[in-house]
Amino acid sequence: MRVFFLGSDAGSHRSVLNLKFGHSESTMPEKPEISDADQPHKGLKNYAQYAGMGFQMIVIIGLFTFIGYQIDESREASVPLFTAIFSVLGVGIALYQVIKTLTKK
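Here the structure is a predicted model, which is why all the values come from computation and not from measurement.

> Quick question: what am I supposed to make of the packing of helix H1 (residues 42–75) against helix H2 (residues 81–104) here?
Two packed helices can be described by the angle between their axes and the distance between those axes. As a packed pair, H1 and H2 sit with axes 7 Å apart at the nearest point and diverge in direction by 160°. Here H1 lies roughly antiparallel to H2, going by the angle between them. Handedness of the H1/H2 crossing: right-handed. For the contact of H1 with H2, the residue count by class is 19 nonpolar, 9 polar and 2 charged.

In structure tokens, the structure reads:
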């Protein structure tokens, strides 16, 4: 179907717009699929992400263990109960962070 826009003089065909009806085609070109060979930095990005998660786990577990140790030292406890509780709590929080990050994708 052609639609004509009339300018100042009625007989001229200055602008012509072609319209297609009944087609589900998009006018935007599709993005080409990018293979792993075309993405040289993908492995480095994954390595950095997983290394960061490992470092985050170490920091969380170490911080919670240190807090528990300090509580036990201040109480002068013979059994390091708070060290054990806080270290297990730190492991749980660290695992929660890793699972949350991995399921986010």
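> Which parts of the structure should I look at to understand a nonpolar patch on the surface?
On the surface, Leu63, Phe66, Ile67 and Tyr69 cluster together to form a nonpolar patch covering roughly 390 Å² of accessible area. Mapped onto the secondary structure, phenylalanine 66 falls in helix H1.

> What should I look at first to understand the packing of aromatic side chains in this one?
The relation between two aromatic rings is expressed through the spacing of the ring centres and the mutual angle of the planes. With the rule as written, the count across this model stands at 2 aromatic pairs. With a centroid separation of 6.5 Å and 40° between ring planes, the pair formed by phenylalanine 82 and phenylalanine 86 is classed as tilted. Placement of the pair is phenylalanine 82 and phenylalanine 86 together in helix H2, with a separation of 4 residues, close to one helical turn. By way of ring pairs, the aromatic residues Phe64, Phe82 and Phe86 are connected into one cluster.

> Honestly, the pattern of salt bridges in this entry has me stumped. Any pointers?
Pairing between side chains of opposite charge can happen when their charged atoms approach one another. Evaluated as defined, the whole model comprises 1 salt bridge. With its nearest N and O atoms 4.0 Å apart, the salt bridge here joins aspartate 72 to arginine 75. With aspartate 72 and arginine 75 both in helix H1 and 3 residues apart, this pair spans about one turn of that helix.

> Help me out: how do you make sense of the environment of proline 80 in this one?
By the secondary structure assignment, proline 80 is in the loop between H1 and H2. Measuring from C-alpha to C-alpha, the distance between proline 80 and glycine 68 comes to 8.1 Å, with 12 residues separating the pair along the chain.

> Could you clarify how one ought to interpret H1 in this entry?
Think of an α-helix as turning once every 3.6 residues; residues three or four places apart then point the same way. With 34 residues, H1 extends 50 Å from end C-alpha to end C-alpha; this agrees with the ideal 50 Å at 1.5 Å per step. Met53, Ile60, Phe64, Gly68 and Asp72 are the residues of H1 that are buried. As for H1, its buried residues are in contact with H2. Glutamate 76 sits one or two residues past H1 and shows a positive phi near 55°.

Rules behind the numbers
- Residues numbered from 1 in each chain as written.
- Predicted model: local features only at pLDDT ≥ 70, side-chain atom pairs only at ≥ 80, totals over all residues.
- Heavy atoms only, no water.
- Axes fitted to C-alpha atoms, helices over the stretch in contact; angles between N-to-C directions.
- Helix = DSSP H or I, 4+ residues; strand = E, 2+ residues; numbered from the N terminus.
- Parallel < 35°, antiparallel > 145°, perpendicular 65-115°, else oblique.
- Left-handed = near helix turned anticlockwise from the far one by under 90°.
- Nonpolar A, V, L, I, M, F, W, Y, C, P; charged D, E, K, R; others polar.
- Patch = residues over 30% accessible without salt bridge, like charges linked within 9 Å, V, L, I, M, F, W, Y side chains within 5 Å.
- Areas by Shrake-Rupley, 256 points an atom, 1.4 Å probe, with all protein chains shown as cover.
- Salt bridge = Lys/Arg side-chain N within 4 Å of Asp/Glu carboxyl O.
- Phe/Tyr/Trp six-rings, centres within 6.5 Å; stacked < 30°, edge-to-face > 60°.
- Expected span 1.5 Å × (residues − 1).
- Buried < 20%, exposed > 50% of the residue type's maximum accessible area, 1.4 Å probe, protein only.
- Contact = heavy atoms within 4.5 Å.

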